[in-house]
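This is what each chain is made of:
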Amino acid sequence: SAGTGLAPFVSIVRDDITHGRSVAKTCVIHGVSRSGDLGYRDELEAMERDHGLAYVPTVSRPAECPDWSGTCGRAEDCFKDEGIAMLESRIGIESGSLSPETAAVLVCGLQGTIGESILRLSIRGFVPAEKKIRKAVGIPDETTPSLFFEQYDSDPVIDLEDPEILSHLRSGLGLD
């Protein structure tokens, strides 16, 4: 999640805990500009401590937060190779095993966070659920989605007219 996009994830984790469902394999990534913007931080840290939630707060402007010693960068940076390795370790799964067969990814935020997440995760075979993207990329209807998003701005998350982007997605999803 990015910024206030965290709210649905807090709700999901609260509901799981309230109903006795394990959150031990759940990871909440929260990207913000400054550490003071980490809403629900105390609650999420308590859920991590008491219930096994993997909570990854990340700050994109660490120079403005001299006391910050945690993860730096944007939320979608967690979907780069080194970020994936960190997530696998935090969740407690075998290195190299984060895949559509073992996980579903939900992203909530602005266009940039969602678009970059889709591009980075397509390389690992994560299939977007969004119909326009599926149609533009040529994803067969029977292919199970594993990447979902909720957007709070109106800009397209990726440029579906850009042949380079479409080629990247097709290649990552094994459709070329």
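Residues numbered from 1 in each chain as written. Predicted model: local features only at pLDDT ≥ 70, side-chain atom pairs only at ≥ 80, totals over all residues. Heavy atoms only, no water.

### Observations regarding the sheet that holds strand β1 (residues 27-32)
Next, step 1: Within the open sheet, the three strands sit side by side as β1-β2-β3. Their pairing is parallel. The sheet terminates laterally at β1 and β3 (71-72), the two strands that pair on one side only.
Next, step 2: In this sheet, strand β2 (residues 54-59) lies alongside β1 in parallel orientation, the contact comprising six bridges. Residue pairing across strands places I29 opposite V56, the latter belonging to β2.
Next, step 3: Here helix α3 (residues 81-91) sits on the sheet in contact with β1 and β2, set at roughly 145° to β2. (Pairing = 2+ DSSP bridges. Helix = DSSP H or I, 4+ residues; strand = E, 2+ residues; numbered from the N terminus. Contact = heavy atoms within 4.5 Å. Axes fitted to C-alpha atoms, helices over the stretch in contact; angles between N-to-C directions.)

### Some points on unusual backbone geometry
Next, step 1: A positive phi is found at Y40, a non-glycine position, where the angle reads about 65°.
Next, step 2: By relative accessible area, which is 39% here, Y40 ends up partly exposed. (Buried < 20%, exposed > 50% of the residue type's maximum accessible area, 1.4 Å probe, protein only.)

### Let's talk about the packing of helix α4 (residues 111-122) against helix α6 (residues 163-172)
Next, step 1: Viewed as axis vectors pointing N to C, α4 and α6 meet at an angle of 40°, and their least axial separation amounts to 8 Å. Taken together, the axes of α4 and α6 lie oblique to each other. In this structure, α4 uses I118, L119 and S122 to contact α6, whose residues at the interface are I165, H168, L169 and G172.
Next, step 2: Of the residues belonging to the contact of α4 with α6, the class tally is four nonpolar, three polar and no charged. (Parallel < 35°, antiparallel > 145°, perpendicular 65-115°, else oblique. Nonpolar A, V, L, I, M, F, W, Y, C, P; charged D, E, K, R; others polar.)

### Considering the confidence of the model for the chain
One rule of thumb: low pLDDT means the predicted coordinates there are not for detailed reading.
Next, step 1: For the chain, mean pLDDT is 95; residues scoring 70 or higher make up 100% of the total.
Next, step 2: Across the chain, the secondary-structure element scoring lowest on mean pLDDT is α3, at 94, and the one scoring highest is helix α2 (residues 41-51), at 98. (pLDDT = per-residue confidence, 0-100.)

### Concerning the pattern of salt bridges
Next, step 1: By the definition in use, this model includes twelve salt bridges.
Next, step 2: When the shortest N-O distance is used, the salt bridge between R49 and D50 registers 3.2 Å.
Next, step 3: Here R74 makes a salt bridge to E76, at a shortest N to O gap of 2.6 Å.
Next, step 4: Note on R74: relative accessible area 42%, which makes it partly exposed.
Next, step 5: Each of D77, K80, E116 and R120 takes part in one network of salt bridges that share partners. (Salt bridge = Lys/Arg side-chain N within 4 Å of Asp/Glu carboxyl O.)

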